[in-house]
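Structure assessment
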Amino acid sequence: MNGIATATGSASCRFAHYFVVCGVDTETGLEPDDLAGEGFEQSPIRRSFKSKVLVHYPESTDRNPFNKHAVNMLCMPRGLGFRTQADGLEPQFHSFTIASDDGTRSYGFVHTFYEEVTNAQVITAMQTLHQMHHVEHHSSAASSPSSSSSSSSSASSPSTCSMDSLVSSLDESDAESLPGTPACLGCAGSFDPARDTLYVSKALCLLTPLPFLQAARQFLRQLHQAVASHTAPPLPLESYIHNILYEVPLPPPGRSLRFHGVQGPIVCQRPGPGELPLGDYPLGEAFSLLGVDNMVRLLTCVLLEMQVLLYSHDYQRLMTVAEGISTLLFPFQWQHIYLPILPPPLHHLLDAPVPFFMGIQRRDGTQRSSLNLPHEANLCFVDIDNQHVDIPEDVPSFPDQTELIQELSEVLLRSGLRAQGGTTTELDAIPPRLSSLVLEDLMEDRRNGNLGGEELAALERLQALARRCGTEKVADGVRTLGRVSAEEEEEDVRCAKLNVQLREVFVGRFTAIFGRYEEFVIHNAPDLDSWLSNREGTCSFDKGSFLSAQPEPHRHFLSQFLETAMFSSFVDGKVLSRWADREPLQQLFDNRLERERMYHTDEEDTRSCRYTKCTMIYESGGGGGKTQAIERRLLKADHTAIHPHLLDMRIGQGRHQQGYFPKLQADVLAQAHGTNKWSGRVTASRRSDPKKPATIEASGPENEQRLKHTFWRKNFRQSKLLDPSTSAVTQTHREFVDGLLSECRLKTKRMLMERMGKESVELGHGEASITGLQENTLIHSLCDLLERTWGHGLQLKQGKSAFWSHLLHYQAAQKTESLMESPVSAGLEHKRLDEGTLVLKGSLMQDMRFVQTMSEGLSDVGQARAWIHLALEKKQLSQHLKELLSNQVLLRQLYKPHAFLLCEEEREQFLFHLLSLNTVDYLCFTRVFTSISIPYRVVIIPMKKLSIAMTTVNPWVCVSGELGDSGVRQITKNTQEIFFQCKNLGRLSTLQLGQENSGLLAKCLVDCVMVYNEITGHTYRFPCGRWLGKGVGDGSLERVLIGQLVTPGGEEDGARWSGTPPELGSPLQSGPGRTVLGTLGSLGGRSRMTSVEVQEDMRESANNLVKHFHKQEQERGNLTVLLCGEGGLVLSLEQFLLHGFKSNRLFQRNVFVWDFVEKAVVSMETADQMGDLRGSTEPVSLSCDSLCHYVSAINASPRNIGKEGKFQLLVCLGVRDRLLSQWLLLLAECALTPRTYEEGALIRDRAAVHSLSRILHTLHEFTITLETALVKGVDL
């Protein structure tokens, strides 16, 4: 026990840091609390007045300086409260938490009671305020509304004066002469000192380093009960306060401690090294208040770092839910603003444009709509009293949410609690055990002071009924308010055990999800300083690989969670552990993972969606053993602290006066007098453990490095948040502005780096570092950033979305301005979307009108996100926002002076960072809003010099994309373009171009076809370079073209996907008979390719197909491009078959590969009829039959796709049906091949043919699905 005795000398090892008393300061008198938000129409006895910290002991400590203003606000958030004997005077209890600048938290526990006012000046001031209120009320009832408002302002002006001025402001003679005064003094909320006794609230507070909720509540309750008792306590109150401040140490880890309050012993305990951190707030109560479903939804929002606002009339309910959620986050920690109780002077923090977890008190009769919240697009609003959780749109579900809810419900039911939450009124319908729990909950409300007069009377009747029915667990009022009863002790044990069981369920889920997280942590920094200096540009976690290893249903949630600050801090802690000790929470979690791997040595597939329940709850060595350990510690203490004892006090001090908390003797409480004298009396109970682990404080260079990292990652100082002064508020919002700008810079940088990495993969360079899901997550976080930025300092808002509200106000302002313009210009400005008259580069207003006409049924939040997606895809986000912010008059109307949007320099930098996103391409709008109708414009561009006029043909087109096709669209004769609307086709891939063969001159040489998306501004180019018509080229009347997306300013250089390859035929001969295509020179360069280049292209095209199928399904590109586009399999195989072709034997004309294939098939059929194939093996025979069958079917197709199109179709069908490698061997062995190809041709090289066959054979393991445009009309 010497270790404990030594620990008492250090403030950091004590059970409590401070004892505080808050109340009315009789020297300064009554000061109305202007920040409470109360109107002067309210009775003075119902108003809030400023409270003061009357005393606090000790004066200060080294590591935890006393924050006087913050403690006062949190002890009495609504200020002083006055009551009379007609009101309920039940004491109330609540707790709070204060975070220091280094992130550590202290906990405050407050017992508030009502003490009779004996100061004559305070009584006179309250009487004066009542008389003034009566005068104002009487005059407003008898005058007009205008005079009423003026009298209200004049009457309320003295409220800011001192108490002395209030007393002298109204003479007693005037008060007596007021008509109706006696009648008013008898009504509700009135005060007459002649017959009423005035009471004022006073708060006793204990500040502790750990959340010892139950022990602190019992100590304060016993302290107040000693004051309320008619008999004096055994010792002066100073003895008990001195004892808990200086002589009661923290329990050692894994041990319990008994110390003594005024009326009995109190036990507290700390978890052991292998147990979860201390969590004394009753999780069962939190789940009962909200229900399991709502608690899981709330936890999901907290994990995704949304803005969370709790709402309840009871401060302790706010803390119970907030602390319950915080304990369930293990091993992660909330990294942003955390104020479960937000006093009225700090309500400006609701304007904070960062994630926060805060709670505000519900006032009588108020609703959410009256709060005027600036941020609602990403706000999770939790109405605890009504058991309602309103979450933002599109929040992903927690992994295996249904199974998790079921498991939690089973744990609660096993403990006798209902999983749905709520209150119970029908006791007859409840089993005896549950009815006992209901009564205990009501008794808890009584102890917290949450029951009024009617409720107390109902409670007494319920207690009497329970006694008659034989219910055992009902404590009478004396035992409840006095020392801890056996029933309460048993209830504390049950709550502690339930806490462990519920927490273990969530730990089991996090263990299952992040069991292999260490494998994805990236260690690439040589030392700590290097890592800190390059932190912004360093990726410490391989998110893409981690997501690919997770089950598909979990990825939506996990992709967003991996972007949070709490996960980033968790990973940073793992990286930091290379140079310093691991953080306790992370070390505990890692130890859990190691133990799990020892117990489960069999390697299971992490992608399995099978849900596994937490078995540690019921195992003796797991969570079940931990609940037993807690029960043993609570029922039988390991250590006993020094008993309270007499102090060296002056004569006359410590005198007991019933109902009044005494004025404490400061000299004996200011420091630890006599502590060493009594330190040897610390004794152990009969059960002691010599193997007790010693607590070691972190020190040395490792702690300095961790402290360095801790301060580096904090964006703002927590102590500043609790300062309501004007200068501190200004500084806080200045830090918010800087934080928003920094977040925008980092977010755009991340989006650029990740997107540019993906584009390099699409162009064939490197490997992907981002998935489509991650890209959607980054864009979603950008929308959230814009919402929070536009919500900062907002004072006038329509709907939930601050961003969309600004757009609506801007739209209204533009309409007002347009009415002042000429009718002609106004008509041109407001073109209708369905008339097809949109300009390619749509303005901000045109984009907004299109979003408003979308048939998606979007909310204002959804419309804001749709507008951002559209502007980002059009590369006009920064330009549109600059236009939006150009209306300075509107900005000043909508925003407060401290708003980010009114900071000109930061606003310009913000837009500059967004402008950098124009360097990459996004299809975020096209891929997200898939069911909308999009207007398209198709333009056919002929060869200007070589083509016969387009007036001779009747062309038609069919555009296809990722999401479908447009159907056949006939182009009017004598025109070259068509405009149509159809369902969103997604990213365009192919275009079918055909014509009706009407007349001898119905032919044209098409250069390309351009398709314009009139909403997103995207332009797709479909290269052709071929004839369309009979008797020219390959005689095709229909062609399938492969598209490429081009960027504004350069159609060729801006290509992002390969298009249709140039035409290939036999090598052309020089002379007058040379065709037009020979003049174009598209074959000359191709025909000169060496055999090595041809084989390399063939291997590369096949390798691209293999890599395509090894990507995640949602990350795969366009398969048609890999098959038929530039550098695709069709072109590569065509090059292979053209190598060494003897074209001079075929009458000086263009010959295509299809000609050779047809002749080879005829040769095979002839050989089969003559019996030459009878000696062949069965596979050769089957291959021959299949090739002949496919060629015949293609020739019999009603589509006139030409020889190139037929060969392309044959290759695609051969790959799909796993026959291409066999057909290649068959063509190489055909008797026609030696007569058609030269000696050095690749097809006559047996090694080259077999090598290519093996390459094609690797594609057999993949299931290839062809686009409808490729196989239409062929039934195979």
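Here is a short report on the structure shown in this document.

Definitions and cut-offs
Residues numbered from 1 in each chain as written. Predicted model: local features only at pLDDT ≥ 70, side-chain atom pairs only at ≥ 80, totals over all residues. Heavy atoms only, no water. Helix = DSSP H or I, 4+ residues; strand = E, 2+ residues; numbered from the N terminus. Buried < 20%, exposed > 50% of the residue type's maximum accessible area, 1.4 Å probe, protein only. Contact = heavy atoms within 4.5 Å. Areas by Shrake-Rupley, 256 points an atom, 1.4 Å probe, with all protein chains shown as cover. Axes fitted to C-alpha atoms, helices over the stretch in contact; angles between N-to-C directions. Parallel < 35°, antiparallel > 145°, perpendicular 65-115°, else oblique. Left-handed = near helix turned anticlockwise from the far one by under 90°. Nonpolar A, V, L, I, M, F, W, Y, C, P; charged D, E, K, R; others polar. Salt bridge = Lys/Arg side-chain N within 4 Å of Asp/Glu carboxyl O. Pairing = 2+ DSSP bridges. Core = buried A, V, L, I, M, F, W, Y, C linked by side-chain atoms within 4.5 Å. Lys, Arg positive; Asp, Glu negative; His and termini not counted. Polar contact = N/O pair within 3.5 Å; in protein donor to acceptor, adjacent residues only side chain to side chain. Disulfide = S-S within 2.5 Å. Expected span 1.5 Å × (residues − 1).

This part takes up the overall build of the protein. When its secondary structure is counted, the protein shows 49 helices and 25 strands. Burial statistics for the protein: of 1276 residues in total, 56% are counted as buried. Put simply, of all contacts in the protein between residues at least 6 apart along the chain, 75% involve residues at least 24 apart. If you sum the accessible surface of the protein, you get close to 54,700 Å²; carbon and sulfur atoms cover 51% of it.

Where helix 10 (residues 283-290) contacts helix 12 (residues 315-328), the two axes come as close as 9 Å, and the packing angle between them is 110°. As the angle between them shows, helix 10 and helix 12 are arranged roughly perpendicular. Regarding helix 10 and helix 12, the two cross each other, and that crossing is left-handed. Listed contacts from helix 12 to Leu 283, Glu 285, Ala 286, Phe 287, Leu 289 and Leu 290 of helix 10 are Arg 317, Thr 320, Val 321, Gly 324, Thr 327 and Leu 328. Of the residues assigned to the contact of helix 10 with helix 12, the class counts are 7 nonpolar, 3 polar and 2 charged.

Side chains that carry opposite charge are capable of pairing whenever their charged atoms lie near each other. According to the stated counting rule, one finds 42 salt bridges in the structure shown. The closest approach of N and O atoms between Asp 390 and Lys 800, which form a salt bridge, is 3.2 Å. On the criterion of sequence distance, the pair formed by Asp 390 in strand 13 (residues 388-390) and Lys 800 in the loop between helix 29 (772-791) and helix 30 (802-819) is long-range, its members being 410 residues apart. Residue classification places Lys 800 among the partly exposed positions, given a relative accessible area of 34%. Asp 1155 is the partner of Lys 1203 in a salt bridge, and the nearest nitrogen-oxygen pair spans 3.0 Å. Placement of Lys 1203 in helix 45 (residues 1202-1216) and of Asp 1155 in helix 43 (residues 1153-1169) is noted, with a sequence separation of 48 residues between them.

Within the secondary structure, Gln 863 is located in helix 33 (residues 860-873). The class for Gln 863 is buried, based on a relative accessible area of 15%. Setting aside its immediate chain neighbours within four residues, Gln 863 contacts Trp 804, Val 851, Gln 852 and Leu 858.

Here we come to the pairing of strand 21 (residues 988-995). Burial within strand 21 is extensive, with 8 of its 8 residues counted as buried. The sheet contact formed by strand 17 (residues 955-961) and strand 21 spans 7 bridges and is antiparallel. Paired with Ser 960 across the bridge in strand 21 is Thr 990.

Take the packing of helix 34 (residues 877-884) against helix 36 (residues 904-915) next. Across the interface, helix 34 lies against helix 36 with an axial gap of 8 Å and an inter-helix angle of 155°. Of the possible angle classes, the one that applies to helix 34 and helix 36 is roughly antiparallel. Each of Leu 877, Ser 878, Leu 881 and Lys 882 in helix 34 lies in contact with helix 36, whose residues at this interface are Leu 911, Leu 914 and Leu 915. For the contact of helix 34 with helix 36, the per-class residue count stands at 5 nonpolar, 1 polar and 1 charged.

The next point concerns the sheet that holds strand 12 (residues 379-383). Read from one edge to the other, the open sheet built from 5 strands follows the order 10-11-9-12-13, with strand pairing classed as mixed. Unpaired on one side and paired on the other, strand 10 (337-339) and strand 13 mark the two borders of the sheet. Between one strand axis and the next, the sheet turns through 15° on average, direction left out of account.

This paragraph deals with the pairing of strand 17. Counting buried positions along strand 17 yields 7 of 7 residues, so the element is predominantly enclosed. Neither face of strand 17 is left uncovered, since the one carrying Pro 955, Val 957, Val 959 and Gly 961 and the one carrying Trp 956, Cys 958 and Ser 960 both have all their residues buried. Direction of pairing for strand 17 relative to strand 19 (residues 969-970): antiparallel, over a ladder of 2 bridges. Note on strand 19: the bridge partner recorded for Val 957 is Arg 969. In terms of strand pairing, strand 17 meets strand 18 (residues 964-965) through 2 bridges, oriented antiparallel. When the sheet's bridge partners are listed, Gly 961 is paired in strand 18 with Gly 964. Adjacent in sequence and paired antiparallel, strand 17 and strand 18 are bridged by 2 residues.

Read from one edge to the other, the open sheet built from 5 strands follows the order 20-16-22-23-25, with strand pairing classed as antiparallel. Two strands close off the open sheet at either side, each with one partner strand: strand 20 (977-983) and strand 25 (1044-1046). The sheet shows a mean angle of 30° between the axes of neighbouring strands, direction not considered. Examined bridge by bridge, strand 16 (residues 933-942) and strand 20 share 7 bridges and lie antiparallel to one another. Its bridge partner lying in strand 20, Val 939 is registered against Glu 977.

Counting buried residues along helix 10, 7 of its 8 residues qualify, which places the element largely inside the surrounding structure. Turning to helix 10, the residues buried within the fold contact helix 11 (292-303), helix 12, strand 12, strand 13, helix 13 (401-414) and helix 17 (486-513). Just downstream of helix 10 lies Gly 291, where phi reads positive at about 90°.

Residues Phe 19, Phe 82, Phe 514 and Phe 661 are the most contacted members of the largest nonpolar core, which totals 171 residues. Grouped together as the second largest cluster of nonpolar side chains are 81 residues, Val 851, Met 854, Leu 993 and Phe 1022 included.

Structurally, Arg 907 is set in helix 36. For the buried Arg 907, no salt bridge exists, and the shortest N-O distance to an oppositely charged side chain is 4.3 Å, to Glu 908. Within the local environment of Arg 907, its side chain forms a polar contact with the backbone oxygen of Leu 901, the two atoms lying 2.6 Å apart. The residues contacting Arg 907, other than those within four sequence positions of it, are Leu 885, Gln 888, Leu 891, Phe 900, Leu 901 and Leu 902.

By the definition in use, this model includes 0 disulfides. Free cysteine Cys 75: the closest other cysteine sulfur is in Cys 205, separated by 3.6 Å. Given the relative accessible area of 1%, Cys 75 is considered buried.

With that out of the way, let us pick up helix 21 (residues 565-576). The terminal C-alpha atoms of helix 21 lie 16 Å apart, and with 12 residues this matches the ideal 16 Å at 1.5 Å per residue to within 8%. Most of helix 21 sits inside the fold, with 10 of its 12 residues counted as buried.

As a further point, take unusual backbone geometry. Of note, the amide linkage connecting Tyr 57 to Pro 58 takes the cis form, showing an omega dihedral of -10°. Within the fold, Pro 58 resides in the loop between strand 2 (52-57) and helix 2 (68-75). A cis amide bond links Phe 330 to the next residue, Pro 331, at an omega of 15°. Note on placement: Pro 331 falls in the loop between helix 12 and strand 10. Here Lys 875, not a glycine, exhibits a phi torsion of approximately 60°, which is positive. Tracing the sequence through the fold places Lys 875 in the loop between helix 33 and helix 34. Accessibility expressed as a relative area gives 22% for Lys 875, which makes it partly exposed.

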